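Take a look at the letters that make up each chain.
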Amino acid sequence: MVKVVKNFLSMDLSRFCMLMLDNECQIQDRVGNYASVHNSQKSIQYKYEFFSPAFAEMLLRKKRNHVKEVVKKELYPVRSYARLYLKGDNLIKHKDKKILEWSVSIHLGGDKWNIYFDDKPYLLMPGDAIIYNGNIPHYRKEFKSNGCYQVFLHYSTDKKNMFEGREYYKMYGKQSDV
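Residues numbered from 1 in each chain as written. Predicted model: local features only at pLDDT ≥ 70, side-chain atom pairs only at ≥ 80, totals over all residues. Heavy atoms only, no water.

Trainee: Provide a residue-level description of the sheet that holds strand 6 (residues 115-117), including the pertinent values.
Mentor: Think of a sheet as strands paired side by side through backbone hydrogen bonds, with each pair either parallel or antiparallel. On the basis of which strands lie adjacent, the open sheet formed by four strands has the order 4-9-6-7 and antiparallel pairing. Edge positions in the sheet fall to strand 4 (91-94) and strand 7 (120-122), since each of these pairs with one other strand and no more. Adjacent strand axes in the sheet meet at a mean angle of 30°, parallel and antiparallel pairs treated alike. The sheet contact formed by strand 4 and strand 9 (residues 138-140) spans two bridges and is antiparallel. From the neighbouring strand, H94 faces strand 9, where its bridge partner is H138. (Pairing = 2+ DSSP bridges. Helix = DSSP H or I, 4+ residues; strand = E, 2+ residues; numbered from the N terminus. Axes fitted to C-alpha atoms, helices over the stretch in contact; angles between N-to-C directions.)

If you want it as structure tokens, here you go:
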């Protein structure tokens, strides 16, 4: 399943998240904090990629019910990423990790850029999302513009995958308000 959801985020929330991501990029430029990168595919390198930034984690939790309505399954949050794509970046054809059963790619702003599923292009406007089964191969061709701000939300139907790899969510005896 691949489904475009128009206005998944309001324009104001989309712009706010884009500014938050831009701020993360500026901080990384100043202090060289590359610790936020959590990329298991070492062959793919992006200058600005962030694992679980606060604004994306908020979206992961607060948009869960919306995603559940679309996929018609019980979902548990696994992880989030945010990325600023720059000129020359691409996204090689791939499937998401098995535990990332349902994924959401949200265009926050900047230049628009097609994402492909089964070689069919999808072009999102700021605030739009594409919700898809992570088992479907997807990719992006080389980015020819200056900057594309994206956030990714990943969910699983298996509760044991909730917040996989992030023990700090379990520090206080509760995992979240899920």
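Now that the structure has been shown, the text picks up again.
Trainee: Can you lay out the packing of helix 1 (residues 11-31) against helix 2 (residues 54-62) for me, pointing to particular residues and giving the numbers?
Mentor: In a packed pair of helices, the relevant descriptors are the angle between the two axes and the axis-to-axis distance. Contact geometry for helix 1 and helix 2: axes closest at 9 Å, N-to-C directions at 145°. Here helix 1 contributes L13, C17, M20 and L21 to the contact with helix 2, which in turn contributes F55, M58 and L59. Along the lines of polarity and charge, the residues of the contact of helix 1 with helix 2 split into seven nonpolar, no polar and no charged. (Contact = heavy atoms within 4.5 Å. Nonpolar A, V, L, I, M, F, W, Y, C, P; charged D, E, K, R; others polar.)

Trainee: Before we move on, could you go through helix 1 and cite the residues and values that matter?
Mentor: Along an α-helix, residues three or four apart share an orientation, since each turn contains 3.6 residues. In this model, helix 1 (21 residues) spans 30 Å end to end at C-alpha, consistent with the 30 Å of a helix rising 1.5 Å per residue. Residues of helix 1 that are buried include every one of S14, C17, M18, L21, C25 and Q28, and no others. Angularly, the buried residues of helix 1 cover 105° about the axis, an arc narrow enough to put them on a single face. Counted as exposed and oriented over 90 degrees from the buried face of helix 1: D12, R30 and V31. In the core, the buried residues of helix 1 are packed alongside strand 2 (48-51), helix 2, strand 3 (76-86), strand 5 (102-110) and strand 10 (147-156). Phi turns positive one or two residues past the end of helix 1, at G32, with a value near 65°. (Expected span 1.5 Å × (residues − 1). Buried < 20%, exposed > 50% of the residue type's maximum accessible area, 1.4 Å probe, protein only. Arc of directions from axis to C-beta.)

Trainee: Residue-level account of the environment of E142, with values.
Mentor: By the element assignment, E142 lies in the loop between strand 9 and strand 10. Looking at E142, the relative accessible area reads 44%, which means it is partly exposed. With 56 residues separating them along the chain, E142 and L86 place their C-alpha atoms 9.6 Å apart. Setting aside chain neighbours within four positions, we find E142 in contact with G88, D89, N90 and W113.

Trainee: Give me the lowdown on the nonpolar core, citing residues and values where you can.
Mentor: By size, the foremost hydrophobic cluster in this structure holds 32 residues, and its most contacted members are F8, V104, I106, L108, V151 and L153. Secondary-structure elements contributing two or more residues to this core are helix 1, strand 2, helix 2, helix 3 (64-71), strand 3, strand 5, strand 8 (129-133) and strand 10. Discounting chain neighbours no more than four positions away, the residues touching V104 are F8, V67, A129, I130, I131, Y132, V151, F152, L153 and Y155. Listed in part, the nine residues of the second largest apolar core include Y81, L91, W113 and C148. (Core = buried A, V, L, I, M, F, W, Y, C linked by side-chain atoms within 4.5 Å.)

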